[in-house]
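# Observations on the model geometry
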Amino acid sequence: MENGLNKDELKKFLDEKYQEYNNINFIEDDPIQIPHLFTNEKDIEIAGFLTSIISWGNRKSIINSGKKMMNLMDYSPYDFIINSNDSEIKKLNFIHRTFNSTDLQFFIMSLKNIYIKYGNLEDLFLEDKSNFMFHGITKFREIFFSTDHEKRSQKHISNPLKNSCCKRINMFLRWMVRDDKNVDFGIWKKIKKSKLSCPLDVHSGRVARKLGLIKRKQNDLKSLIELDQNLRLFDNEDPVKYDFSLFGLGMYEGF
C-alpha cells in the first residue's frame, strides 16, 4: 500500500476507526439525526431521503434545514405526503442552498405518486444487473423524474450515467440498508449491504487517497468503483461500514 501499511495493517486500522466512530454519539452532529426523530418506517425513509438530498455544505445548516422541512410537514412526513392536496403542496416555502421551494414541491409530489403507485421507495432501487447499486440508482432516478417537473430539479439526484459518484443517494442507501443498530436503520431488507457504495465526498476522498485506496484525483464514479473494490477486500459483506472510518479521519482528525 502507498501509505506504508500492508493490506492486513490497513484493514486493522480501518476496523479500529470504524469501531471508534460507529456509535450513538455520531448521530448528534450528523444529518442522520433527522430520520432518527421518527419511529414509523415510512417517516424514516422520507425524512432520510429528503435530508440526504440537501446534504451538502455545513452540517449544522443541513440539520437546521432538515428540521425545517419536517416542520413544514408537521413532523408527519408520510401522512402529509399522502393526504396533502396540490394547493397545500404549492404553499411550501423552503430554500437550502440551490434546493428551493420549486424543488421541494416537486419532490413531495413525486414521492406522493411513488407511494400511491409502488407503496415504498425500496422497490424502486431493486435490480439484479451488478454487484453495485449504480443500476438501481439509475432506475430510481428514472421513475422519480417520470412526472412533470422543471429540469432544474434533476440536478438534486445525481446520475451515475454521467459519471457521478452519487454521494447523497449512496449515503441514503447506507442509512436505510445497513443494520448496525448504532447509527444506520437497516429497515430495508431486500437490498444486500454488500452492494452498497461509500458516500464519496471531499473528506472521505482525501483520506482514501492518503491511504492509497484511490489513485484518481476526481471524486467521480470511476474513483468510487476503485474505492469500492478496495474496501471489498477488507469486508466483502459490509464494505460501506468504512465510510465511518474515512469520514471520521477526515472530519475529526484532519487526516
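Data block above holds the structure.
Here is a short report on the structure shown in this document.

Calculation notes
Residues numbered from 1 in each chain as written. Predicted model: local features only at pLDDT ≥ 70, side-chain atom pairs only at ≥ 80, totals over all residues. Heavy atoms only, no water. Buried < 20%, exposed > 50% of the residue type's maximum accessible area, 1.4 Å probe, protein only. Helix = DSSP H or I, 4+ residues; strand = E, 2+ residues; numbered from the N terminus. Contact = heavy atoms within 4.5 Å. Axes fitted to C-alpha atoms, helices over the stretch in contact; angles between N-to-C directions. Parallel < 35°, antiparallel > 145°, perpendicular 65-115°, else oblique. Left-handed = near helix turned anticlockwise from the far one by under 90°. Nonpolar A, V, L, I, M, F, W, Y, C, P; charged D, E, K, R; others polar.

### Considerations on helix α7 (residues 134-144)
Along α7, 8 of the 11 residues are buried, which leaves the element largely enclosed by surrounding structure. Buried residues of α7: F134, G136, I137, T138, F140, R141, I143 and F144, and no others. Summarising the contacts, the buried residues of α7 are in contact with α2 (41-53), α6 (101-117), α8 (167-177) and α10 (221-234).

### Some details on the packing of α2 against α8
As a packed pair, α2 and α8 sit with axes 9 Å apart at the nearest point and diverge in direction by 155 degrees. As far as their axial angle goes, α8 and α2 are roughly antiparallel. At the point where α2 passes α8, the crossing takes the right-handed sense. Residue-level inspection shows I44, E45, G48, F49, T51, S52 and I53 of α2 in contact with α8, the latter providing R168, I169, M171, F172, W175 and M176. Taken together, the residues of the contact of α2 with α8 break down into 8 nonpolar, 3 polar and 2 charged.

### Considerations on the environment of L196
Mapping L196 onto the fold places it in the loop between α8 and α9 (202-210). Sequence separation between L196 and L224 is 28 residues; the distance between their C-alpha atoms is 11 Å.

The values are spatial; any link to function lies outside them.
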